[in-house]
Amino acid sequence: MTVTQLSMPGCGTCAMMSRMLGDRVEHADALERPDLVALTNATSSPVFLVYEGGQYLGSFSGAMPLSVWEAKVQQRVKGEA
């Protein structure tokens, strides 16, 4: 499973989530990856894109505690969201 965090330059919430998640996510600049932005209809950042075996499973966005983030990732993996 792979999770990509899309962030905007200067986004304080994005920086906070990046620090909290560390190497749990791959990082991408939303301005440099419009192809990834197009996968989601999120209007806030950061956006988290979940993949398994190269297949896109879904996304979610915003700041949240680690336990909530982990639950949201698992929901996408299980197809519950």
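The structure contained in this document is the topic of the report that follows.

Calculation rules
Residues numbered from 1 in each chain as written. Predicted model: local features only at pLDDT ≥ 70, side-chain atom pairs only at ≥ 80, totals over all residues. Heavy atoms only, no water. Helix = DSSP H or I, 4+ residues; strand = E, 2+ residues; numbered from the N terminus. Rg over C-alpha atoms; globule rule 2.2 N^0.38 Å. Buried < 20%, exposed > 50% of the residue type's maximum accessible area, 1.4 Å probe, protein only. Contact = heavy atoms within 4.5 Å. Areas by Shrake-Rupley, 256 points an atom, 1.4 Å probe, with all protein chains shown as cover. Lys, Arg positive; Asp, Glu negative; His and termini not counted. Charge placed at Lys NZ, Arg CZ, Asp CG, Glu CD. Pairing = 2+ DSSP bridges. Axes fitted to C-alpha atoms, helices over the stretch in contact; angles between N-to-C directions. Salt bridge = Lys/Arg side-chain N within 4 Å of Asp/Glu carboxyl O. Disulfide = S-S within 2.5 Å.

Moving on, we get to the overall build of the chain. Each helix and strand counted, the chain has 3 helices and 4 strands in total. Start at the N end of the chain and walk to the C end: the helices and strands fall as β-α-β-α-β-β-α. Computed over the C-alpha atoms, the radius of gyration of the chain is 12 Å, within 12% of the 12 Å expected from 2.2 N^0.38 for a compact globule of 81 residues. By its C-alpha atoms, the chain is 35 × 25 × 20 Å across when sized along the principal axes. When each of the 81 residues of the chain is scored for burial, the buried share is 35%. Residue pairs in contact within the chain that sit at least 24 positions apart in sequence constitute 47% of those at least 6 positions apart. Here the chain displays about 4600 Å² of accessible surface, and carbon together with sulfur accounts for 50% of that area. Charge separation in the chain, taken as the distance between the mean sites of 6 positive and 8 negative side-chain charges, equals 7 Å.

Moving on, we come to the sheet that holds strand E4 (residues 55–61). The strand order across the open sheet built from 4 strands is E2-E1-E3-E4, with neighbouring strands paired in mixed fashion. Taken across any chain shown, the strands that pair with only one partner, and hence form the sheet edges, are strand E2 (26–29) and E4. Going from strand to strand, the sheet's axes swing by 25° on average, the running direction of each strand aside. When strand E1 (residues 2–7) meets strand E3 (residues 47–52), the two strands line up antiparallel, connected through 5 bridges. Considered in E3, the bridge of Val-3 is made with Val-50. Set on the sheet, helix H1 (residues 12–21) makes contact with E1, E2 and E3; between it and E1 the angle comes to about 155°.

Another aspect to go through is the side chain of Arg-76. With respect to the helices and strands, Arg-76 occurs in helix H3 (residues 66–78). Look at Arg-76: it is buried, it has no salt bridge, and the nearest opposite charge is Glu-80 at 8.3 Å. Apart from residues no more than four positions distant in its own chain, Arg-76 is found in contact with Val-50, Leu-57, Gly-58, Ser-59, Phe-60 and Ala-81.

Attention shifts here to the state of the cysteines. Counted under the stated rule, the structure contains 1 disulfide. Sulfur-sulfur distance for the disulfide between Cys-11 and Cys-14 comes to 2.4 Å. Disulfide Cys-11-Cys-14: torsion about the S-S bond near 80°, hence right-handed. Across the pair, exposure class does not vary: Cys-11 and Cys-14 are buried alike.

The next subject is the pairing of E4. Within a regular strand, side chains alternate between the sheet's two faces. Bridge analysis of E3 against E4 gives 6 bridges, and the strand direction is antiparallel. Paired with Val-47 across the bridge in E4 is Ser-61.

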